[in-house]
Amino acid sequence: MAVTGDGDVVEHWQDAVRGFHEAGLAHDEAQSRLRLAAALRGAGDDAAAQEREQVAAAVLARLRGPRAQRTDGERLTGRQGEVLRLVARGLSNAEIAAELQVSEHTVHRHLANTYTSLDLGSRAAAAAYAVSHGLA
């Protein structure tokens, strides 16, 4: 969808922000806030756009979490470490998503990136890694 100053586009993104917020999908809410900011900027409301951008940036920074250095030199984001710990506890992607208030797709992406970063081939290997490195 092209982002313009059209009132319908602004209303669309406001509805999206509200829906994602009510669903507890913080990442999707933040992304929608950024699109809303672009639509508001297109409508000439720079102050409202800047406010939406600041809120989105704060949410995204919180979701990214701090970077964590592992003893083997591999780097995982704080969120990847959280997901890995929850995998080691035996939680499903749906359960992890509910606990962290993100979508299942986001959990899937965190796991895929973790598998790549740590050169792991399965969920079982990820759980074993977490236990053997004191993350569980």
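Reading guide: rules and limits
- Residues numbered from 1 in each chain as written.
- Predicted model: local features only at pLDDT ≥ 70, side-chain atom pairs only at ≥ 80, totals over all residues.
- Heavy atoms only, no water.
- Core = buried A, V, L, I, M, F, W, Y, C linked by side-chain atoms within 4.5 Å.
- Buried < 20%, exposed > 50% of the residue type's maximum accessible area, 1.4 Å probe, protein only.
- Helix = DSSP H or I, 4+ residues; strand = E, 2+ residues; numbered from the N terminus.
- Contact = heavy atoms within 4.5 Å.
- Axes fitted to C-alpha atoms, helices over the stretch in contact; angles between N-to-C directions.
- Parallel < 35°, antiparallel > 145°, perpendicular 65-115°, else oblique.
- pLDDT = per-residue confidence, 0-100.
- Arc of directions from axis to C-beta.

The name given to the protein chain in an unreviewed UniProt entry is Response regulator transcription factor, with the source organism recorded as Nocardioides taihuensis.

The next thing to look at is the nonpolar core. Considering soluble globular proteins, one finds that nonpolar side chains tend to be buried as a cluster. Grouped together as the largest cluster of nonpolar side chains are 20 residues, with contacts concentrated most on Val83, Leu84, Ile96 and Val107. Elements with a minimum of two residues in this core: α4 (78-88), α5 (93-100), α6 (104-118) and α7 (123-132). Isoleucine 96 has contacts with Val83, Leu86, Val87, Leu91, Val107 and Arg123, leaving out every residue within four places of it along the chain. Grouped together as the second largest cluster of nonpolar side chains are 11 residues, Val9, Leu36, Ala37 and Ala49 included.

The next subject is the packing of α4 against α7. Contact geometry for α4 and α7: axes closest at 8 Å, N-to-C directions at 100 degrees. The angle between the axes of α4 and α7 places the two elements in the roughly perpendicular class. Where α4 abuts α7, its residues Leu84, Val87 and Ala88 lie against Arg123, Ala126, Ala127, Tyr129, Ala130 and Val131.

Looking at the secondary structure, you find aspartate 15 in helix α1 (residues 7-23). Between the alpha carbons of aspartate 15 and serine 32 there is a distance of 9.3 Å; along the sequence they are 17 residues apart.

Here we take up the confidence of the model for the protein chain. On average, residues of the protein chain score 83 in pLDDT, and 86% of them are at 70 or above. Predicted confidence for residues 1-5 stays below pLDDT 50, and this span has 11 contacts to residues more than four positions away or in other chains. The low-confidence segment residues 67-73 (pLDDT under 50) makes 17 contacts with residues lying over four places distant or belonging to another chain.

Take the environment of arginine 109 next. When you line up the elements, arginine 109 lands in helix α6. Along the backbone, arginine 109 and glutamine 80 are 29 residues apart, and their C-alpha atoms lie at a distance of 9.4 Å.

Turning our eyes to something else, we now look at the environment of alanine 125. With respect to the element layout, alanine 125 can be found in helix α7. Note on alanine 125: relative accessible area 27%, which makes it partly exposed. C-alpha of alanine 125 to C-alpha of alanine 88: the two residues are 37 residues apart in sequence and 9.6 Å apart in space.

Quick look at α7 now. Those residues of α7 that fall on the buried side of the exposure criterion are Ala126, Ala127, Tyr129 and Ala130. Each buried residue of α7 lies within a common arc of 160 degrees when the element is viewed along its axis, so the set occupies one face. Projecting away from the buried face of α7 at angles above 90 degrees are the exposed residues Ala124, Val131 and Ser132. Buried residues in α7 make contact with α4 and α6.

In this structure, glutamine 101 takes a positive phi of about 60 degrees despite not being glycine. Note that glutamine 101 resides in the loop between α5 and α6. Since its relative accessible area comes to 51%, glutamine 101 is described here as exposed. Of note, aspartate 119 is a non-glycine position whose phi angle comes to about 55 degrees, a positive value. Positionally, aspartate 119 belongs in the loop between α6 and α7.

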